[in-house]
Amino acid sequence: MSTKPFRPDVDAPEYKGKYAPYDIIREGTIAVIVVGLLVVLLATLFGSPDERAITIKTWSNANPIDFATTALGEMNGSTITAQYGGPYNTAAPGQNLGPLKLAQWAGVTIPVNTVRDFVINPLSSVPNDPDLKLALAQWKGANSAQQTSWVSNYSKGAAKMTWSHGLINVPATNVGPVPTIINKLTQMARSGALDQALVTGSGFYTTNYTKPLLFVADGTYLANLAQKQHLLGSQWGMMNETGSYPGQAWLWLYTFWYQVTPFSTSSNADVQVSALMGLLSLLLLLLPLIPGLRSIPRKVKVYRLIWREHYSA
Amino acid sequence: MSTTEIERQWTTRLRKRAAGKLPPEKLLPDTQPAYVSSWIYVFGVTTLAALSLVILTGFILSIRGPQWWHSSSIGHFVNSMHLWSVEIFFFAMIVHLWGKFFMAAWRGGRTATWMTGVVTFLASVGAAFTGYVSQTNFDSQWISTQAKDGINATGAGSIFNVLNLGQMLMWHIVLLPLAAVLLTAVHVLLVRIKGVVPPFEEKTGATK
């Protein structure tokens, strides 16, 4: 009768030593009480952060020019969302992992047309405004080339955009209804109506904030506030939260890759970092099956510290 | 009904199989090997204790809904307890994971125990992340709008929309906690079935 050779990194020796009393219920109860007291202590001493969410209303009142510039960007296709690609639109192929165009293959499943969804549709819900009604009729009655021409002409003067007496002013000509549209949208935003229009566009009940979040993230207001809270990607933002709290410290490795080359300079960093973390997670999962890696614990001998009483006996 | 017929029942067979694998003295042991006497073992039970507090505080937050804690001092305190129990949970779980790595705790047919532990960790990362984007405050606005790019780049954003509060909240309070708790239960049962991994046997040449 043959026996398989003992593999020290796979097999465990049969324990024939002593046993000690062990009260598992008592141990569990004490653990819950101690951890519970620690949680109460930490919650009492440090609390938890709750920075109020910004709204399009607060954004457009705090910085109407940034809001109007973003709104214009949604119309001329220069914002992040307008140029995003999947899952929102087909404006870009999205990132690729070598030959794998994962975002493109996944397709457009959350369609967002920035002109329609962020500008024209919300304005169309405004009642009793003859000037707006006329501007929207002019916009909708024009062909695509005419619309592009108006927006392009307006965009050329956007660098000199000013805000005075409650109006956005841009020195530009042959711009059709664009100034009215931008001003009416800014007024709508400052009143708070745009916040509601963006979430209720698909009905009374909703729990989906995709559109207002995309719109807000296209401006600089949100990012500027985040920078003050040290939340930018370059500031290890993904794992941080507002205030001096530990945040998602367990994401440190995921965030770390974004800080170093080649990822920090790669246009495909997101998919590359995700793939790398997926690979590392797989290695961790399959570690017991990987020769070499599974021998590390035996070779580094940290186990002698852990079981020092056993080895000193 | 004959004895043979009873013996063939699925219920009887399952009970016998479960009792054979996990008799009461293994499920609730009153002794343990003498080598189980290191501080590192504390972190396993600390993880379980913290998880129970995460679930308990989550239940309390659920009673009044996702925005209660913004307007109630009691709600804010419960949210703070939820946050700190999560922080302790992850701290203890990561120390536990490193400890088990240095013990090579997968030895002796314990590969499934290791794997369920790793998957529990990954599910917990997802549960915590979906919690962060469901807070309905500035943090959730910023984290979700940043995280969308990483998820969208993999194609997963086509079905997992981090900007959809309703979807994220469902993942946070139903799907991922359920996965984490079930995986933890399987993990603990595997530990009870297989026992705590013994030390390396140095005398037999297991180490150089």
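Residues numbered from 1 in each chain as written. Chains lettered and ligands numbered in written order. Predicted model: local features only at pLDDT ≥ 70, side-chain atom pairs only at ≥ 80, totals over all residues.

Quick word on the overall build of chain B
Point 1. Along chain B, the regular secondary structure elements total nine helices and one strand.
Point 2. Relative to a compact globule of 208 residues, whose C-alpha radius of gyration would be 17 Å, chain B shows 21 Å and is clearly more extended.
Point 3. Viewed in the frame of its principal axes, chain B has a C-alpha envelope of about 60 × 55 × 40 Å.
Point 4. Taken across its 208 residues, chain B has 47% of its residues classed as buried.
Point 5. Considering only intrachain contacts with a sequence separation of at least 6, the fraction spanning at least 24 residues in chain B is 71%. (Helix = DSSP H or I, 4+ residues; strand = E, 2+ residues; numbered from the N terminus. Rg over C-alpha atoms; globule rule 2.2 N^0.38 Å. Buried ≥ 20, exposed ≤ 12 C-beta atoms within 10 Å, placed from the backbone. Contact = placed C-beta atoms within 7 Å.)

A word on the overall build of chain A
Point 1. A tally of helices and strands in chain A yields 16 helices and three strands.
Point 2. Taken over C-alpha atoms, the radius of gyration comes to 29 Å for chain A, far larger than the 20 Å a tight globule of 313 residues would show.
Point 3. Across its three principal axes, chain A shows a C-alpha extent of roughly 90 × 50 × 35 Å.
Point 4. A total of 313 residues make up chain A; the buried ones form 31% of that total.
Point 5. A fraction of 53% describes how many contacts in chain A between residues 6 or more apart in sequence connect residues 24 or more apart.

Some words on helix α2 (residues 10-21) of chain B
Point 1. Taking 1.5 Å per residue as the helical rise, α2(B) with its 12 residues ought to reach 16 Å, and the 16 Å between its terminal C-alpha atoms agrees with that figure.
Point 2. With zero of 12 residues buried, α2(B) lies mostly on the surface of the structure. (Expected span 1.5 Å × (residues − 1).)

Quick look at the interface of chain B and chain A
Point 1. At the interface, 80 residues of chain B touch 80 residues of chain A.
Point 2. Those elements that place two or more of their residues in the side of chain B that touches chain A are β1 (31-33), α4 (42-64), α6 (73-102), α7 (111-132), α8 (138-153) and α9 (165-194) of chain B.
Point 3. When residues in the side of chain B that touches chain A are grouped by element, the largest group, 15 residues, is from α6(B).
Point 4. Class assignment of the residues belonging to the side of chain B that touches chain A gives a composition of 43 nonpolar, 31 polar and six charged.
Point 5. Relative to β1(B), strand β1 (residues 19-21) of chain A runs antiparallel, the two being bridged by three bridges. Bridging across to β1(B), A:A20 finds its partner in B:Q32. (Nonpolar A, V, L, I, M, F, W, Y, C, P; charged D, E, K, R; others polar. Pairing = 2+ DSSP bridges.)

What about α8(B)?
Residue and element names in this part refer to chain B.
Point 1. Taking 1.5 Å of rise per residue, 16 residues should cover 22 Å, and α8 covers 24 Å from first to last C-alpha, within 8% of that figure.
Point 2. Along α8, the sharpest change in direction is near 30° and occurs at A147.
Point 3. Taken across its 16 residues, α8 has 14 buried, putting it largely inside the fold.
Point 4. One or two residues past the end of α8 sits G155, with phi positive at roughly 90°. (Bend = angle between axes of the 7 residues up to and from the residue.)

A word on the packing of α4(B) against α6(B)
Residue and element names in this part refer to chain B.
Point 1. Look at α4 against α6: their axes get within 8 Å of each other, and the N-to-C directions meet at 155°. As judged from the angle between their axes, α4 and α6 are roughly antiparallel. The element α4 and its partner α6 pack so that their crossing is left-handed.
Point 2. Residues that form the contact of α4 with α6 fall into these classes: 15 nonpolar, 11 polar and one charged. (Axes fitted to C-alpha atoms, helices over the stretch in contact; angles between N-to-C directions. Parallel < 35°, antiparallel > 145°, perpendicular 65-115°, else oblique. Left-handed = near helix turned anticlockwise from the far one by under 90°.)

Considering the domain arrangement of chain B
Residue and element names in this part refer to chain B.
Point 1. You can read the domains of chain B as domain 1 (40-103) and domain 2 (125-196).
Point 2. Of note, the centres of domain 1 and domain 2, computed from C-alpha atoms alone, are 14 Å apart.
Point 3. If you look at the interface, domain 1 gives seven residues, while domain 2 gives seven residues.
Point 4. At four residues, α4 tops the list of elements feeding residues into the side of domain 1 that touches domain 2.
Point 5. Across the side of domain 1 that touches domain 2, the residue classes break down as four nonpolar, three polar and no charged. (Domains from an automatic or database assignment.)

As for the nonpolar core
A general trend in soluble globular proteins is that nonpolar side chains are found buried together.
Point 1. In terms of nonpolar packing, the biggest core is built from 101 residues, with A:A71, A:I181, A:I182, A:L185, B:A50 and B:F89 touching the most fellow members.
Point 2. For this core, the element with the highest residue contribution is α6(B), accounting for 10 residues.
Point 3. For B:A50, the residues in contact, after removing those within four places along its chain, are A:V35, B:S85, B:I88, B:F89 and B:A92. (Core = buried A, V, L, I, M, F, W, Y, C linked by C-beta atoms within 7 Å.)

Regarding the packing of helix α5 (residues 114-124) of chain A against helix α6 (residues 130-141) of chain A
Residues and elements named next belong to chain A.
Point 1. Where α5 contacts α6, the two axes come as close as 10 Å, and the packing angle between them is 130°. In terms of axis orientation, α5 runs oblique to α6. Relative to α6, α5 is oriented so that their crossing is left-handed. Along its contact with α5, which presents I120, L123 and S124, the element α6 presents L132, L136 and W139.
Point 2. Among the residues making up the contact of α5 with α6, the classes are represented as five nonpolar, one polar and no charged.

Quick look at the domain arrangement of chain A
Residue and element names in this part refer to chain A.
Point 1. The domains assigned to chain A are domain 1 (56-226) and domain 2 (233-312).
Point 2. The C-alpha-based centres of domain 1 and domain 2 are spaced at 40 Å.
Point 3. Each partner contributes residues to the interface: domain 1 has five residues there, and domain 2 has six residues.
Point 4. Residue composition of the side of domain 1 that touches domain 2, by class: three nonpolar, two polar and no charged.

Description of the environment of A:G94
Point 1. Tracing the chain through its elements places A:G94 in the loop between α3 (64-76) and α4 (102-106).
Point 2. Note on A:G94: 25 C-beta atoms within 10 Å, which makes it buried.
Point 3. The sequence separation of A:G94 and A:V271 amounts to 177 residues, and the corresponding C-alpha distance is 9.7 Å.
Point 4. Here A:G94 is in contact with A:G85, A:G86, A:K101, A:A103, A:Q104 and B:A153, once residues within four sequence places are set aside.

Some points on the confidence of the model for chain B
Residue and element names in this part refer to chain B.
Point 1. When the pLDDT values of chain B are averaged, the result is 94; 97% of them are 70 or greater.
Point 2. Counting contacts from residues 204-208, a segment whose pLDDT is below 50, to residues more than four positions away or on other chains yields eight contacts.
Point 3. In the predicted complex, the global pTM is 0.92; the interface-specific ipTM is 0.92. (pLDDT = per-residue confidence, 0-100.)

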